[in-house]
Amino acid sequence: MTDRPSRLMPTYAPAPVTFVRGRGCELYDDTGRRYLDFLSGIAVVSLGHAHPAVAEALASQARTLLHVSNLFRTTLGEEVAGLLDDLVGDGQPAGGLVFFCNSGAEANEAAIKLARRARPGRPVVVSAVGSFHGRTLGALAATGQPEKQAPFAPLPGGFRQVPYDDLPSLEDAMGDGQVGAVLLEAIQGEAGVVEPRPGYLRAVAERCREAGALLMVDEVQTGLGRTGRWFAFQHEGVEPDVVTVAKALGNGAPIGACWARREVAEAFEPGDHGTTFGGQPLAAAAARATLQTMVELGAPERAERAGRRLREGLRGLPGVAEVRGKGLLLGVGLEEPRAKAVTTEALRAGLVVNAPRPDTLRLAPPLLVSEAEVDEALGILGGVLERTGGGS
Ligand SMILES: Cc1ncc(COP(=O)(O)O)c(C=O)c1O
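Residues numbered from 1 in each chain as written. Predicted model: local features only at pLDDT ≥ 70, side-chain atom pairs only at ≥ 80, totals over all residues. Heavy atoms only, no water.

The name an unreviewed UniProt entry gives the protein chain is Acetylornithine aminotransferase, with Aciditerrimonas ferrireducens as the organism. What the UniProt record of the protein chain gives under Subunit (unreviewed entry) is the line "Homodimer." (UniProt positions renumbered as here; feature names shortened; annotations may be inferred.)

Right, dumping it as C-alpha cells:
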C-alpha cells in the first residue's frame, strides 16, 4: 500500500492490509504473508479463493461472450435459473422463475417490487427489527436498523418492522389487511448471527398463508449451503413464495437473484423491472460453475460437518459466552464487548474474521475448509482471546 490519500469515497474504514491473492481458505497480502480466511468476503467465497472450476468458467466465458443485454435470451441464464430452482426445491424442481441482478440489495428490491405487483392494494412489506436487507433505498427501508436509515430520510413508505422471533407482534402488524408480504432472514447475519426459536419461520409461513401475504425469505447471507442445508428455510421445512440470493452465487463474481413461485413471478410483465447487467454471461458462467461444483462436492454436508467441529472448538475458547448459528455461519458471543479488538489482533495473528456486533465475532469460512484449517484457526483465535484478556 502507498501512503497516497485514497480516492475512494469514505464509506468504509478498511483494515490496514492489502490482499493480493488467495487460494482455498488462504489469503496472501502484498508482503507475501499468509492468512486464514474465516470470513470468505462475508459469506461470498464459499468454494474458496481462486476455485479452478470458477476461474476456468470465467476465463473461458471472457473469451466467448461477455455481454449482450437482457434484450436477448441467453442459455446460461436459463441454466442457472434451473439449477437454482432445483436447490430451492432441495434437489427437486420447485417450479419457480428467477430474476437475475447484481447484488443482494437488488435481489431484495426485485422482491419488494414483485410483492407490490403480485399483491396490488396491499403495499406494506413487514420485516424484522435488527434485519439487514441492503443499502439501496427500498432495501434500506426494509432494514430494521434505524441508525442506518436515519441519515437518509425520507425513505420510501410502505414498510413496517416488528421484533424478530415475536409472532404476536407480526400478527398485530398484519391485522389491517394492508400487508402484501413479509420479508425475513431465516438467521439474521448482520445482526450478529441471531437465530429465532425453532418453529418461528413455520408459524410465520402459516400466518402469511392465512392472510394471503407473500413469505419472502432473504437468503443472501444464509443461502447456498452455508447453514448446512441449501437454504436456511429448509431447516424449518417451509415453502417460501420468494427467495433472494446473492453473495455466494458467483463465488465472488457479482450476481444476485430473486426466485419466486411461478404464480407470483408471473405478476411481472415486460417493462416492469430490469437491469443492464443482471444475469449477464460472465456472471452467469461463474454462477453455473459455482452451483454445479457445490452440488458435486455436497457443499451443505461439508458445511454441516466442518461447522460441528468449529462450533465445538469455539465453545471451549477463553471468554466465549455462546456460539450461535448453523453450519458455517457462526456468531461467537463474547463475555465482554471486545470483538473489534479481537478481530484486529486476529488479523495481526493471520486470521480473518469480523465483528458484526461489539460483543460478537462472525466466522464464515469457505464451505470446503479442512479439519486442519479449522484446528489452525481455533489455535490462532484461542491465543488471541487469551492475549486480549479472555477467561477473566
Ligand atoms: C441478509 C442480507 N441481505 C442483503 C444484503 C445486501 O447484499 P449486497 O451487499 O450484495 O447488496 C446482505 C449483505 O450483507 C445480507 O446479509
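Peer 1: Which residues make up unusual backbone geometry, and what are the values?
Peer 2: In the segment running from Ala153 into Pro154, the intervening peptide bond is cis, with an omega of 0°. For Pro154, the location among the structural elements is in the loop between helix H6 (146–149) and strand S6 (159–162). The phi dihedral of Lys247 falls on the positive side, at around 25°, and the residue is not glycine. Within the secondary structure, Lys247 sits in the loop between strand S9 (242–245) and strand S10 (256–261). Given a relative accessible area of 23%, Lys247 falls into the partly exposed group. (Helix = DSSP H or I, 4+ residues; strand = E, 2+ residues; numbered from the N terminus. Buried < 20%, exposed > 50% of the residue type's maximum accessible area, 1.4 Å probe, protein only.)

Peer 1: Pulling in residues and values, what's your account of the site of the ligand?
Peer 2: In the vicinity of the ligand there are 13 residues, among which Gly104, Ala105, Asp218, Gln221 and Lys247 approach most closely. One nitrogen or oxygen atom from the side chain of Lys247 is found 3.2 Å from an oxygen atom belonging to the ligand. Taken by itself the ligand offers 390 Å² of open surface, and the protein chains cover 81% of this. In terms of residue count, the dominant contributor to the shell around the ligand is helix H4 (residues 104–118) (three residues). Broken down by class, the residue content of the shell around the ligand amounts to three nonpolar, six polar and four charged. (Near = heavy atom within 4 Å. Polar contact = N/O pair within 3.5 Å; in protein donor to acceptor, adjacent residues only side chain to side chain. Areas by Shrake-Rupley, 256 points an atom, 1.4 Å probe, with all protein chains shown as cover. Nonpolar A, V, L, I, M, F, W, Y, C, P; charged D, E, K, R; others polar.)

Peer 1: Any chance you could break down the nonpolar core for me, citing the residues and the numbers?
Peer 2: Grouped burial of nonpolar side chains is what soluble globular proteins tend to show. Of all hydrophobic cores here, the largest spans 86 residues; its most connected members are Phe38, Phe231 and Leu314. No other element matches helix H10 (residues 281–297), which puts eight residues into this core. No fewer than three residues from each of domain 1 (19–51 + 299–387) and domain 2 (54–297) sit in this core. Beyond its immediate stretch of four places on either side in the chain, Phe38 contacts Leu310, Leu351, Val352, Val353, Arg362, Leu363, Ala364, Pro365, Val369, Glu373, Val374 and Ala377. If you look at the next biggest cluster of nonpolar residues, it comprises 23 residues, including Ala111, Val125, Phe159 and Leu214. (Core = buried A, V, L, I, M, F, W, Y, C linked by side-chain atoms within 4.5 Å. Domains from an automatic or database assignment. Contact = heavy atoms within 4.5 Å.)

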